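Single-letter residue listing:
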Amino acid sequence: MGIKAREGPRSMSFLNPKTSAEAGDRMAVLTGFATGFAAVVHSINVWRALVGPDLAAALDAVQMAGGILIVALFLPLFIWFKLGRSAPAMNPWKSDSYLGSVAKRAGFTAFAGLLLAGVVLSTLSTRLLPLISGEMMLDMMISAALGLFSLSFFIFSSGPDGDAYGDAA
Amino acid sequence: MTPPLSNRIRVLRAERELSQTELAEAIGVSRKTISTIETGRFVPSTVISLRIAGYFGLQVEDVFKLTDQDGAG
């Protein structure tokens, strides 16, 4: 005999967390998406240096649009979750929830990856620096760190969610 | 990898006809946190463990158990 699903179809959507814990989890997921998107937008700096002037101008426009999208889409969502009156968000970085721990783990992975890339690049600097500028190298590392955080977050948090067992999941 | 910690949360919920969401709301965590604790993917903090055990009116060791130990402490 199992548990009855009392709630019927879940009325809770991504934008309407019922509790501060859920709001904290939403912020963690949003952080994962936002950093991934920021990584793609920032990496345009690298691509711009590798293409011709015509395509570079187009990439500038794409980057500008991406930057506006980040501010226009993710910032209001962060504020929504942070200031939501029905469920004020807890800080996912201070929370000891599952997704809070995943976010910390992803942050550590991104830092470790950045450190490793820095060590490798410093040992190869005599060969690499004549080929690429310091600015480009920095852009590559920033994009990689943001992308690594986002990728790690979604890899670590993927997998079976367990049997909801009583919840209309 | 074998989870280092087993728990009886699922059984305790079933006995009380309690959903993951209801338990999560009662102890102030998200449903995802409860579901991943139940399946052994996430080892909860001491605070969450105490809250869960306290909610069921049990001691922590009545809810959680190390899988590689038989009561050794």
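Residues numbered from 1 in each chain as written. Chains lettered and ligands numbered in written order. Predicted model: local features only at pLDDT ≥ 70, side-chain atom pairs only at ≥ 80, totals over all residues. Heavy atoms only, no water.

Re the overall build of chain B
When helices and strands are tallied, chain B shows five helices and two strands. Residues classed as buried in chain B amount to 40% of the 73 residues present. A sequence separation of at least 24 residues applies to 58% of the contacts in chain B between residues at least 6 apart. Summed over its atoms, the accessible surface of chain B is roughly 3,700 Å², and 52% of this surface lies on carbon and sulfur atoms. (Helix = DSSP H or I, 4+ residues; strand = E, 2+ residues; numbered from the N terminus. Buried < 20%, exposed > 50% of the residue type's maximum accessible area, 1.4 Å probe, protein only. Contact = heavy atoms within 4.5 Å. Areas by Shrake-Rupley, 256 points an atom, 1.4 Å probe, with all protein chains shown as cover.)

Re the overall build of chain A
Each helix and strand in chain A was counted, giving five helices and zero strands. Burial status across chain A gives 37% buried among its 169 residues. Considering only contacts in chain A between residues 6 or more positions apart, those separated by 24 or more positions represent 74%. Carbon together with sulfur atoms contributes 72% to the accessible area of chain A, which is approximately 9,700 Å² in total.

Notes on the pattern of salt bridges
Any two side chains of opposite charge can pair, on the condition that their charged atoms come close. Throughout the structure, instances matching the rule amount to four salt bridges over all chains. One salt bridge connects A:E22 with A:R26, and the closest N-O pair in it is separated by 3.2 Å. Placement of the pair is A:E22 and A:R26 together in helix α1 (residues 20-50), with a separation of four residues, close to one helical turn. A single burial state applies to A:E22 and to A:R26, both of which are buried. Ionic pairing is found between B:E15 and B:R16, a salt bridge with its closest N-O pair at 3.5 Å. Given the relative accessible area of 52%, B:E15 is considered exposed. (Salt bridge = Lys/Arg side-chain N within 4 Å of Asp/Glu carboxyl O.)

Focus: helix α5 (residues 134-156) of chain A
All names here are of chain A. Here α5 contains 23 residues, and its C-alpha end-to-end distance of 32 Å stays within 8% of the 33 Å for a straight helix at 1.5 Å per residue. Where α5 is concerned, the buried positions are M136, M137, D139, M141, S143, A145, F149, S150, S152 and F153. Next to the buried residues of α5 lie α1, α3 (98-123) and α4 (125-128). (Expected span 1.5 Å × (residues − 1).)

What about the packing of aromatic side chains?
Per the counting criterion, the structure on display carries six aromatic pairs over all chains. With a centroid separation of 6.4 Å and 20° between ring planes, the pair formed by A:F149 and A:F153 is classed as stacked. Highlighted residues: A:F149 and A:F153, both in helix α5, separated by four residues, approximately one helical turn. A:F153 matches A:F149 in its accessibility class, with the two residues each being buried. The interplanar angle of 80° and the centroid separation of 5.5 Å between the aromatic rings of B:Y55 and B:F56 together place this pair among those described as edge-to-face. Here B:Y55 falls in the partly exposed class, since its relative accessible area comes to 37%. For B:F56, a relative accessible area of 5% gives the class buried. Clustering of aromatic rings is evident, with ring pairs tying together A:F33, A:F149, A:F153 and A:F154. (Phe/Tyr/Trp six-rings, centres within 6.5 Å; stacked < 30°, edge-to-face > 60°.)

Thoughts on the packing of α1(A) against α5(A)
Residue and element names in this part refer to chain A. At their nearest, the axes of α1 and α5 sit 8 Å apart, and the two run at 150° to each other. When the axis of α1 is compared with that of α5, the two are roughly antiparallel. Note that α1 runs across α5; the crossing there is left-handed. A per-class count over the contact of α1 with α5 returns 15 nonpolar, ten polar and one charged. (Axes fitted to C-alpha atoms, helices over the stretch in contact; angles between N-to-C directions. Parallel < 35°, antiparallel > 145°, perpendicular 65-115°, else oblique. Left-handed = near helix turned anticlockwise from the far one by under 90°. Nonpolar A, V, L, I, M, F, W, Y, C, P; charged D, E, K, R; others polar.)

Things to note about the confidence of the model for chain B
For chain B, per-residue confidence averages 88 on the pLDDT scale, and residues scoring 70 or more make up 89% of the total. We note a pTM of 0.77 for the whole complex and an ipTM of 0.79 for its interfaces. (pLDDT = per-residue confidence, 0-100.)

Looking at α3(A)
Given a rise of 1.5 Å per residue, 26 residues ought to cover 38 Å, and the 38 Å separating the end C-alpha atoms of α3(A) matches this to within 8%. All of the buried residues in α3(A) are A:Y98, A:L99, A:G100, A:V102, A:A103, A:A106, A:A110 and A:L121. Contacts from the buried residues of α3(A) go to α1, α4 and α5 of chain A together with α3 (31-38) of chain B.

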